[in-house]
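Each chain, letter by letter, is given below.
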Amino acid sequence: MKLKDRVALITGGGTGIGAATARLFAEEGAAVAITGRRKAPLEEVVNEIQAAGGRAIAVSGDVSITEDCERMVEETVGAFGRIDVLVNNAGRGMLAKADEISDEIWDEVVGTNLSGAFRLIRAVLPGMVSQGAGSIVNVSSVLGQTGMKGAAAYGASKAGLDQLTRVLAVEYADRGIRVNSVAPAWVHTPMNKSVRDHATRYEQLKERHPMGRFGTPDEIARAILHLASDEAAWTTGAVLSVDGGWTAV
Ligand SMILES: NC(=O)c1ccc[n+]([C@@H]2O[C@H](COP(=O)([O-])OP(=O)(O)OC[C@H]3O[C@@H](n4cnc5c(N)ncnc54)[C@H](OP(=O)(O)O)[C@@H]3O)[C@@H](O)[C@H]2O)c1
């Protein structure tokens, strides 16, 4: 087991990539705390993990609110004693042309994808520093590295997240804390259901990947597991593309 007796906090763990990561981490021996704003999807995943014999709790909250982030960390430590792994996966898509992006949309996308990740990192760092160990995996996107129409807020937030990864990797390397990003291309999740419902757009996007298809949540979860675990003991500050070749073009 790659995460035996480790404790992981996974944001956005009720759906998509976060839910797949929670299930996989639990199978690999971790106790998992999953967070999100809606309780129902979190409870569904927790029940599933517990029914399979794993350990999981749901902590609802909004990563764009500092107090919620601090409470997520407190409740996780209260339930499981420590946090070894933080997966910053919660995210908002909301693609729109730049001249149609309101302050509210910009703030929501950047406030969730970039500032939310920072808030949680800030909240877990004291515990990880006192343990002398920890692994943080940020779920960014190929759109943080490559341009796409409509992705001004989203792409800027993910590029910022990748740079946060590099800076914190350097800042905390001597304290035993590793920080990495996983950058997926398009993955089958609720986030892009409306795109997949649009047949022509879906075909165009599939073809843009050299491998000719979207990824699965489990394919991303396996990359997150690698970076979170001791398999990646000498990897820090990396942005790992898991993208069917999207960024190789
Ligand atoms: N799907 C893709 O093609 C793709 C590609 C590249 C990167 N990604 C990234 O992968 C990550 C996971 O997305 P997904 O594709 O799995 O989509 P998803 O199913 O929509 O997952 C997003 C999760 O984030 C949670 N969330 C959103 N805003 C939140 C907030 N303010 N506070 C707390 N939780 C919040 C959502 O739960 P609530 O709504 O209940 O809060 C949801 O569980 C995101 O960071 C996304 O940008 C996805």
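Each remark here, short or long, concerns the structure printed above.
Residues numbered from 1 in each chain as written. Predicted model: local features only at pLDDT ≥ 70, side-chain atom pairs only at ≥ 80, totals over all residues.

Colleague: Please set out the pairing of strand 6 (residues 177–184) residue by residue, giving values where relevant.
Modeller: Within strand 6, eight of the eight residues are buried, which leaves the element mostly enclosed by the surrounding structure. By the alternation rule, side chains of strand 6 split into Ile177, Val179, Ser181 and Ala183 and Arg178, Asn180, Val182 and Pro184, which are all buried. Pairing between strand 5 (residues 134–139) and strand 6: six bridges, direction parallel. Looking at strand 6, one finds that serine 135 is bridged to arginine 178. For the crossover from strand 5 across helix 5 (residues 152–172) to strand 6, the handedness is right-handed. As defined by bridge partners, strand 6 adjoins strand 7 (residues 239–242) across four bridges and the pair is classed as parallel. Pairing of proline 184 across the sheet is with valine 242, part of strand 7. (Buried ≥ 20, exposed ≤ 12 C-beta atoms within 10 Å, placed from the backbone. Helix = DSSP H or I, 4+ residues; strand = E, 2+ residues; numbered from the N terminus. Pairing = 2+ DSSP bridges. Right-handed = clockwise from strand over helix to strand, strands pointing away.)

Colleague: Give a detailed account of the packing of helix 1 (residues 16–27) against helix 2 (residues 39–51), specifying residues and quantitative values.
Modeller: For the pair helix 1 and helix 2, interaxial distance at closest approach is 10 Å and the crossing angle is 20°. Between helix 1 and helix 2, the interaxial angle falls into the category roughly parallel. Handedness of the helix 1/helix 2 crossing: right-handed. Across from Ala19, Ala22, Arg23 and Ala26 in helix 1, the residues of helix 2 making contact are Val45, Glu48 and Ile49. Residues that form the contact of helix 1 with helix 2 fall into these classes: five nonpolar, no polar and two charged. (Axes fitted to C-alpha atoms, helices over the stretch in contact; angles between N-to-C directions. Parallel < 35°, antiparallel > 145°, perpendicular 65-115°, else oblique. Left-handed = near helix turned anticlockwise from the far one by under 90°. Contact = placed C-beta atoms within 7 Å. Nonpolar A, V, L, I, M, F, W, Y, C, P; charged D, E, K, R; others polar.)

Colleague: Residue-level account of helix 8 (residues 217–228), with values.
Modeller: With 12 residues, helix 8 extends 16 Å between its outermost C-alpha atoms, agreeing within 8% with the 16 Å of an ideal straight helix rising 1.5 Å per residue. Those residues of helix 8 that sit buried are Pro217, Ile220, Ala221, Ala223, Ile224, Leu225, Leu227 and Ala228. Looking at the packing, one finds that the buried side of helix 8 touches strand 1 (7–11), helix 1, strand 4 (85–88), strand 5, strand 6 and strand 7. (Expected span 1.5 Å × (residues − 1).)

Colleague: Go over the sheet that holds strand 2 (residues 31–36), please, and point to the residues and values.
Modeller: In spatial order, the strands read 3-2-1-4-5-6-7; together these seven strands make up an open sheet with parallel pairing. With partners counted over all chains shown, the strands left at the sheet margins are strand 3 (55–60) and strand 7, one partner each. The average angle at which neighbouring strand axes cross in this sheet is 20°, direction not considered. Seen against the sheet, helix 5 touches strand 5, strand 6 and strand 7 and runs at an angle of roughly 160° to strand 6.

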